[in-house]
Amino acid sequence: MIKFISYDGHWPNLCSGTLVLEIDGVVRKDFNLCSGGRVWFDADWCEHVESGPWVVEVPEDLKHLRNEIEYVVNMNVPYGCCGGCV
């Protein structure tokens with residue numbers, strides 16, 4: 001069972017927070033978040049910031065739970081984007 005405890009990342013670098021989950025009764029903090037969003041510039045150099053779902057880097061012993069972990073994270077952490085600080 002995966003339970004969301006907290007995440008303290010905030011705009012503009014939402015991906016740099018600490019994610020805390022409880023997995024099978026054990027509190028874990030050893031995750032990294034990477035956004036599915038993106039930042040791009042059009043022909044007039046106007047920036048476009050698109051948020052997207054999180055991809056979670058998980059420790060080797062939790063690789064088999066990655067999909068479930070990402071689901072829980074995306075249900076609880078607002079979408080962000082790498083480059084949100086543009």
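All values reported here derive from a predicted model rather than from experimental measurement. (Residues numbered from 1 in each chain as written. Predicted model: local features only at pLDDT ≥ 70, side-chain atom pairs only at ≥ 80, totals over all residues. Heavy atoms only, no water.)

**What about the packing of aromatic side chains?**
Stage number 1. For the structure on display, the rule yields one aromatic pair.
Stage number 2. With centroids separated by 5.8 Å and ring planes inclined at 45°, the aromatic side chains of F41 and W45 adopt a geometry described as tilted.
Stage number 3. Overall, F41 belongs to the partly exposed group, its relative accessible area being 39%. (Phe/Tyr/Trp six-rings, centres within 6.5 Å; stacked < 30°, edge-to-face > 60°. Buried < 20%, exposed > 50% of the residue type's maximum accessible area, 1.4 Å probe, protein only.)

**Examining unusual backbone geometry**
Stage number 1. One non-glycine residue, D24, adopts positive backbone phi at about 50°.
Stage number 2. Structurally, the position occupied by D24 is in the loop between β2 (19-23) and β3 (26-28).
Stage number 3. Not every positive phi belongs to a glycine, and W45 is a case in point at roughly 65°.
Stage number 4. One can find W45 in the loop between β5 (38-41) and β6 (47-50). (Helix = DSSP H or I, 4+ residues; strand = E, 2+ residues; numbered from the N terminus.)

**Focus on the sheet that holds strand β1 (residues 2-7)**
Stage number 1. Strand order in the open sheet formed by three strands is β1-β2-β3, and the pairing between neighbours is antiparallel. Either end of the sheet is taken by a strand with one partner, and the two such strands are β1 and β3. Strand-to-strand twist in this sheet, taken as the mean axis angle between neighbours without regard to direction, amounts to 20°.
Stage number 2. When β2 meets β3, the two strands line up antiparallel, connected through three bridges. For E22, the partnering residue across the bridge sits in β3 and is V27.
Stage number 3. Seen against the sheet, helix α1 (residues 66-76) touches β1 and β2 and runs at an angle of roughly 45° to β1. (Pairing = 2+ DSSP bridges. Axes fitted to C-alpha atoms, helices over the stretch in contact; angles between N-to-C directions. Contact = heavy atoms within 4.5 Å.)

**A closer look at α1**
Stage number 1. Taken together, the buried positions of α1 are occupied by I69, E70, V72, V73 and N74.
Stage number 2. Residues of α1 that are buried make contact with β1, β2, β4 (32-35) and β7 (54-57).

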